Amino acid sequence: MGPEAELLAALDAWQHQDVAYQPPWPDAAHLGAVRSRLATLPPLVFAGEADALRTQLAKAGAGEAFVLQGGDCAESFAEATADKIRNKIKLLLQMAVVLTYGASMPVVKLGRMAGQYAKPRSSQTETRDQVTLPSFYGDAVNSHEFDAASRVPDPERLLDSYHTAASTLNLIRAFTTGGFASLRQAHEWNRGFTQNPAYARYEEIAAEIDRAMRFMTACGVDVESLRAVDLFASHEGLLLDYERALTRIDSRTGLAYDCSAHFVWIGERTRDPDGAHVEYFAQVRNPLGVKIGPSATPDDVVRLVDRLNPAGEAGRLTFIARMGAGKVRDALGPLVAKTAADGRPVTWTCDPMHGNTITVNGYKTRRFTDVVDEVAGFFEVHRGLGTVPGGLHVELTGDDVTEVLGGAEEIDADGLARRYETLVDPRLNHQQGLELAFQVVELLRA
Ligand code: TRP
Ligand code: MN
C-alpha cells in the first residue's frame, strides 16, 4: 500500500468495531448515501486554521495563554439565528476581555459552536406517560418533539447539520473580523454589566481594565490586533459517520484533518482507549480534547496520551477535567501528576459544569457556587503540583435564561421555571458567564 492508501485504511479502521453511543439509524443505505454526499461538500474549516489553534493550545499548556471554551450543551437548528449567535459571541468576548486582563495572557477563544448538534444518551429510549420512543440524540439525529415520527433518527439531519454549521461559521467569521469584536467594543459591553449594583463587587477590576484601555488610547495604541479575534469552532466528535465524511486529506502535507471543526473532543463516555472514537481521532491532525471524569485512573490518561499523542506534540491534546466540586481536589491531582511525570505535554482545562449537575423541582440544574468551587479546586491542584491550569470549558448562552442556580442575581429553585429553555444541560446565562470570568480573575489573584 502507498502512504495515501494506508491513511485511508487507517481512517476507516474504526468501522470494524462496535461504535459506542451511536444512534439507532433505521436505514443503513440512507446513511451511506448521506455520507457520500457530505464527502463531496467543501470543508467547513481549513487545515491551516486547525494548525494555528494547535499552536495556541500549546501556549496554554505551557502557561503562556489561557483557554476559554464555551457554548451550548446542545446547539439546535432553530436557535442558529443571527441574534442568538451574536449574543453568544458577545458573551465569549466579554469574558475574554476580563480573562485576558486578569491573567495577563492571550485568551484562546473556542466556541462550542457550529457543530454541537449531537448528544450521547445513556438510555436509548425515553418513556413519558407509558409511551416509549427513541431518546433525543440532538438535532443532528432526530427532533426533540415527543412523537414517534419526530424521534426516528433521520440521516438527512446530518446534511442539515453541515449547512447550519456553515451558516453559523459564516456569521462567526463576519462578527470576529468585521469590527464587532474590537476590544473597545467588548470593553464597553462590560461597562454596562458592572454598572448594575448587583455586580458592585467587580467594579474595581472593571475600573482597572478601564484605566488600562484609556492608557492604551492615550499612547496611541491602535493596531489591527485590537479590532479582530480568532474564534475557533469545536464540538464533541460523537457521530463518526459525520466526522469521517467531513475528513479531508490536506494537499500540502498529505495528512488528514477533520474539517467539521477546528477542535473536536471525545466525551467521557466514549474515551475508551481501545474504542472506535479514540481509534478514529488518532488518525486526524486536529487538536483534540478528551473529557476526563472522576473515574479515570492515572493509567487511563497515560494510555490516552499513548493513543492520541504518542510523539508528545505540544497543543495536540487537551484534557478537559470534569470532576465535580466535591471531588476535584482529590481526583484531579493524581492524573495531572501522572501526565507531568510522563512528560509528553498535555493542556489541562477545567469543565466545572458536568460534575455538578443536580435535579431541583424536576429541573436539571447546577449551583453557581459549585461551578466556582470546582474552578477554585482546579487552580489549587495545579498550584500544589506546580503544573499549569490551562483554561476553562463552560456551557453558556448569551440569553437571559434561568437554568443555573445562584449568581449575584440569585436565581432560586422557583426561578428555574421562569426561563428554562435548554434541550439538554443547564447553561450559565449572560450575567452568570461574565460573573464567572470576574471570579476567575479573583482566583488568579488569590
Ligand atoms: N486580538 C486580541 C485577542 O484576540 C485582542 C482583542 C481584540 C480582544 N478584540 C478582543 C480580546 C475582544 C478579547 C476580547 O486577544
Ligand atoms: Mn452538557
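Cut-offs applied
- Residues numbered from 1 in each chain as written.
- Chains lettered and ligands numbered in written order.
- Predicted model: local features only at pLDDT ≥ 70, side-chain atom pairs only at ≥ 80, totals over all residues.
- Heavy atoms only, no water.
- Donors = N, O, S within 2.8 Å, 3.2 Å for Na, K, Ca; no water.
- Helix = DSSP H or I, 4+ residues; strand = E, 2+ residues; numbered from the N terminus.
- Near = heavy atom within 4 Å.
- Polar contact = N/O pair within 3.5 Å; in protein donor to acceptor, adjacent residues only side chain to side chain.
- Areas by Shrake-Rupley, 256 points an atom, 1.4 Å probe, with all protein chains shown as cover.
- Salt bridge = Lys/Arg side-chain N within 4 Å of Asp/Glu carboxyl O.
- Buried < 20%, exposed > 50% of the residue type's maximum accessible area, 1.4 Å probe, protein only.
- Contact = heavy atoms within 4.5 Å.
- Pairing = 2+ DSSP bridges.
- Axes fitted to C-alpha atoms, helices over the stretch in contact; angles between N-to-C directions.

Asker: Please explain the coordination of the manganese ion (ligand 2) as it appears in this structure.
Answerer: When a metal holds four donors in a tetrahedron, each ideal angle between them is 109.5 degrees; when it holds six in an octahedron, the ideal angles are 90 or 180 degrees. The protein atoms donating to the manganese ion (ligand 2) are Cys 73 (SG), His 354 (NE2), Glu 395 (OE) and Asp 425 (OD), with metal-donor distances spanning 2.1 to 2.4 Å. Read N to C, the donor residues that coordinate the manganese ion (ligand 2) are spaced as C-x280-H-x40-E-x29-D. Of this pair, Cys 73 sits in the loop between strand S1 (66-71) and helix H4 (82-103) while Glu 395 is found in strand S14 (residues 389-395), placing the two residues 322 residues apart along the sequence.

Asker: Help me out: how do you make sense of the site of ligand 1 in this one?
Answerer: As a structural note, the neighbourhood of ligand 1 is formed by Leu 93, Ala 96, Val 97, Lys 109, Ala 181, Ser 182, Leu 183, Ser 225, Leu 226, Ala 228 and Val 229. In the model, a nitrogen atom of ligand 1 is placed 2.5 Å from a nitrogen or oxygen of the Ser 225 main chain. Considering ligand 1 on its own, with 350 Å² of exposed area, one finds that the protein chains cover 84% of that surface. Looking at the shell around ligand 1 element by element, the count peaks at three residues for H4.

Asker: Help me understand the pattern of salt bridges, please; the structure alone is not making it clear to me.
Answerer: Between side chains of opposite charge, pairing is possible as soon as their charged atoms come close. Inspection of the entire model under this criterion finds 37 salt bridges. Residue Glu 313 is joined to Arg 54 by a salt bridge in which the shortest nitrogen-to-oxygen separation is 3.7 Å. Placement of Glu 313 in the loop between helix H11 (298-308) and strand S10 (317-321) and of Arg 54 in helix H3 (residues 47-61) is noted, with a sequence separation of 259 residues between them. Judged by its relative accessible area of 28%, Glu 313 falls in the partly exposed class. Between Arg 128 and Glu 126 there is a salt bridge; the shortest N-O distance is 2.8 Å. Note on Arg 128: relative accessible area 36%, which makes it partly exposed. Taking the relative accessible area as the measure of exposure, Glu 126 reaches 24% and is therefore partly exposed. Among the charged side chains, a salt-bridge network with shared partners connects Asp 51, Arg 54, Asp 250, Arg 252, Arg 285 and Glu 313.

Asker: Looking at this model, I keep getting lost on the side chain of Ser 260. Mind explaining?
Answerer: Within the secondary structure layout, Ser 260 lies in the loop between strand S7 (256-258) and strand S8 (263-266). Among the polar contacts listed, one links the side chain of Ser 260 to the side chain of His 235, at a separation of 3.4 Å. Non-local contacts of Ser 260, meaning those with residues more than four positions away in its chain, are made with Leu 44, Ala 114, His 235, Tyr 242, Glu 243 and Leu 246.

Asker: It is not clear to me how the sheet that holds strand S9 (residues 288-292) should be interpreted in this structure. Could you clarify?
Answerer: Paired through their backbone hydrogen bonds, the strands of a sheet run either parallel or antiparallel. Strand order in the closed barrel made by the eight strands is S1-S2-S5-S8-S9-S10-S11-S14, with parallel pairing throughout. Strand-to-strand twist across the sheet, computed as the mean angle between neighbouring axes with direction ignored, equals 30°. The pairing of strand S2 (residues 107-112) with strand S5 (residues 231-236) spans three bridges and is classified as parallel. For Leu 110, the partnering residue across the bridge sits in S5 and is Phe 232. Where H3 meets the sheet, it contacts S1, S2, S5, S8, S10, strand S11 (347-350) and S14, and its direction lies at approximately 125° from that of S2.

Asker: In this structure, what is going on with the environment of Val 141? I would like to understand it.
Answerer: Note on placement: Val 141 falls in the loop between strand S4 (131-134) and helix H5 (148-151). What makes Val 141 buried here is its relative accessible area of 0%. Taking the C-alpha atoms as reference points, Val 141 and Leu 239, separated by 98 residues in sequence, lie 9.3 Å from one another. If we ignore the near neighbours within four places in the chain, the residues touching Val 141 are Pro 23, Trp 25, Val 152, Pro 153, Asp 154, Arg 157 and Leu 239.

Asker: Sorry if this is basic, but what is going on with the pairing of S2 here?
Answerer: If a strand is regular, its side chains alternate between the two faces of the sheet. Where burial is concerned, most of S2 is hidden: six out of the six residues are buried. The alternating pattern of S2 places Val 107, Lys 109 and Gly 111 on one face and Val 108, Leu 110 and Arg 112 on the opposite face, and all of these are buried. Pairing of S1 with S2 involves six bridges; the strand directions are parallel. Note that in S2 the partner of Gln 69 across the bridge is Leu 110.

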